[in-house]
Amino acid sequence: LDRMREAGVAPDAVTFNSLIGAFAGAGDAAGADRWLAAMAAAGLEATKHTVGALIHARAVMGRATKDRAQALEAEAILRKQQQAPPHLRPTEIAYHSVIDAFAQLGDVDGAEAWFAEMLKELGAGAAAATARPYNMLLNARAK
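Residues numbered from 1 in each chain as written. Predicted model: local features only at pLDDT ≥ 70, side-chain atom pairs only at ≥ 80, totals over all residues. Heavy atoms only, no water.

**Q** Tell me about the packing of aromatic side chains, and name the residues and values.
**A** For the structure on display, the rule yields 3 aromatic pairs. Geometrically, the ring pair formed by Tyr-95 and Trp-114 is tilted, given 6.1 Å between the ring centres and 50° between the ring planes. Here the residue Tyr-95 occupies a position in helix H6 (residues 92–104), and Trp-114 occupies one in helix H7 (residues 108–122), the gap between them amounting to 19 residues. Across the pair, Trp-114 and Tyr-95 agree in class, each one buried. When the centroid spacing of 5.1 Å and the interplanar angle of 65° are considered together, the rings of Phe-115 and Tyr-134 count as edge-to-face. Within this pair, whereas Phe-115 is found in helix H7, its partner Tyr-134 is found in helix H9 (residues 132–142), the two being separated by 19 residues in sequence. (Phe/Tyr/Trp six-rings, centres within 6.5 Å; stacked < 30°, edge-to-face > 60°. Helix = DSSP H or I, 4+ residues; strand = E, 2+ residues; numbered from the N terminus. Buried < 20%, exposed > 50% of the residue type's maximum accessible area, 1.4 Å probe, protein only.)

**Q** How would you summarise helix H2 (residues 13–25) if you had to cite specific residues and measurements?
**A** For H2, which comprises 13 residues, the first-to-last C-alpha distance of 18 Å matches the rise-based estimate of 18 Å (1.5 Å per residue) to within 8%. Among the residues of H2, Ala-13, Thr-15, Phe-16, Asn-17, Ile-20 and Ala-24 are the ones counted as buried. Contacts from the buried residues of H2 go to helix H1 (2–6), helix H3 (29–41) and helix H4 (48–65). Put simply, Asp-12 is the residue that caps the front of H2, since its side-chain oxygen is 3.1 Å from the backbone nitrogen of Val-14. Once H2 ends, the next one or two residues include Gly-27, with phi positive near 75°. (Expected span 1.5 Å × (residues − 1). Contact = heavy atoms within 4.5 Å. Polar contact = N/O pair within 3.5 Å; in protein donor to acceptor, adjacent residues only side chain to side chain.)

**Q** Could you give me a rundown of the nonpolar core, with the residues and numbers involved?
**A** Ile-55, Leu-78, Val-98, Ile-99, Phe-102, Ala-111 and Trp-114 are the most contacted members of the largest nonpolar core, which totals 20 residues. Of all the secondary-structure elements, those providing two or more residues to this core are H4, helix H5 (68–82), H6, H7 and H9. Residue contributions to this core peak at 7 residues, all from H6. With near-sequence residues (within four places) excluded, Ile-99 lies in contact with Ala-111, Trp-114, Phe-115, Met-118, Pro-133, Met-136 and Leu-137. Within the second largest apolar cluster, 10 residues are counted, among which are Ile-20, Ala-32, Leu-54 and Ala-57. (Core = buried A, V, L, I, M, F, W, Y, C linked by side-chain atoms within 4.5 Å.)

**Q** Explain the packing of H6 against H9 residue by residue, including any values.
**A** The N-to-C vectors of H6 and H9 enclose an angle of 15°; their axes lie 8 Å apart at closest approach. With respect to each other, H6 and H9 are oriented roughly parallel. With respect to the hand of their crossing, H6 and H9 are arranged in left-handed fashion. Within the contact between the two elements, H6 uses His-96, Ile-99, Asp-100, Ala-103 and Gln-104 and H9 uses Arg-132, Pro-133, Met-136, Leu-137, Asn-139 and Ala-140. Residues belonging to the contact of H6 with H9 are distributed by class as follows: 6 nonpolar, 3 polar and 2 charged. (Axes fitted to C-alpha atoms, helices over the stretch in contact; angles between N-to-C directions. Parallel < 35°, antiparallel > 145°, perpendicular 65-115°, else oblique. Left-handed = near helix turned anticlockwise from the far one by under 90°. Nonpolar A, V, L, I, M, F, W, Y, C, P; charged D, E, K, R; others polar.)

**Q** Describe the pattern of salt bridges, naming the residues involved and giving the relevant values.
**A** Two side chains carrying opposite charge are able to pair once their charged atoms lie near each other. The tally for this structure, following the rule as stated, stands at 7 salt bridges. The partner of Asp-33 in a salt bridge is Arg-58, with the nearest N and O atoms 2.6 Å apart. You can see Asp-33 sitting in helix H3 and its partner Arg-58 sitting in helix H4, a full 25 residues away along the chain. According to the relative accessible area criterion, Asp-33 is partly exposed, its value standing at 30%. In this structure, Glu-75 and Arg-79 form a salt bridge, with 3.9 Å as the shortest nitrogen-oxygen distance. Taken together, the positions of Glu-75 and Arg-79, both in helix H5 and 4 residues apart, correspond to about one turn of that helix. For Glu-75, a relative accessible area of 18% translates into the label buried. It is possible to trace a salt-bridge network through shared partners that takes in Asp-33, Arg-58 and Glu-73. (Salt bridge = Lys/Arg side-chain N within 4 Å of Asp/Glu carboxyl O.)

See the structure below:
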């Protein structure tokens with residue numbers, strides 16, 4: 001980031017999404033949140049990918065620590081994002097993160113409910129086009 005600025009290149013939403021995504025992948029929700037704050041301070045708006053990364057951060061933390069509070073936080077962010085304007089609505093990846101958060105806790109009902117919600121919101125064809133969410137449901141039932 002410093003090298004970008006030194007070169008006179010202003011960070012954009014993609015830059016911040018990359019940073020937020022890196023922290024999310026490591027399960028560092030606090031780090032992801034700090035970069036979200038920096039993004040806002042730079043005058044940039046969060047995108048659906050930004051919010052998806054924040055959801056993913058909580059899901060990863062919940063999976064690693066078996067902390068239901070993290071799954072519930074991911075769920076709350078997703079619910080809020082569902083009310084956003086159409087260009088900011090959640091992608092299937094955001095839904096997958098929440099489904100997986102509940103599946104990892106062995107919460108079959110929670111995982112199934114979010115799977116059904118994903119199908120309703122995104123359409124059965126698009127949302128169910130991969131094996132990933134089905135595998136998550138199988139995992140939830142195996143716990």
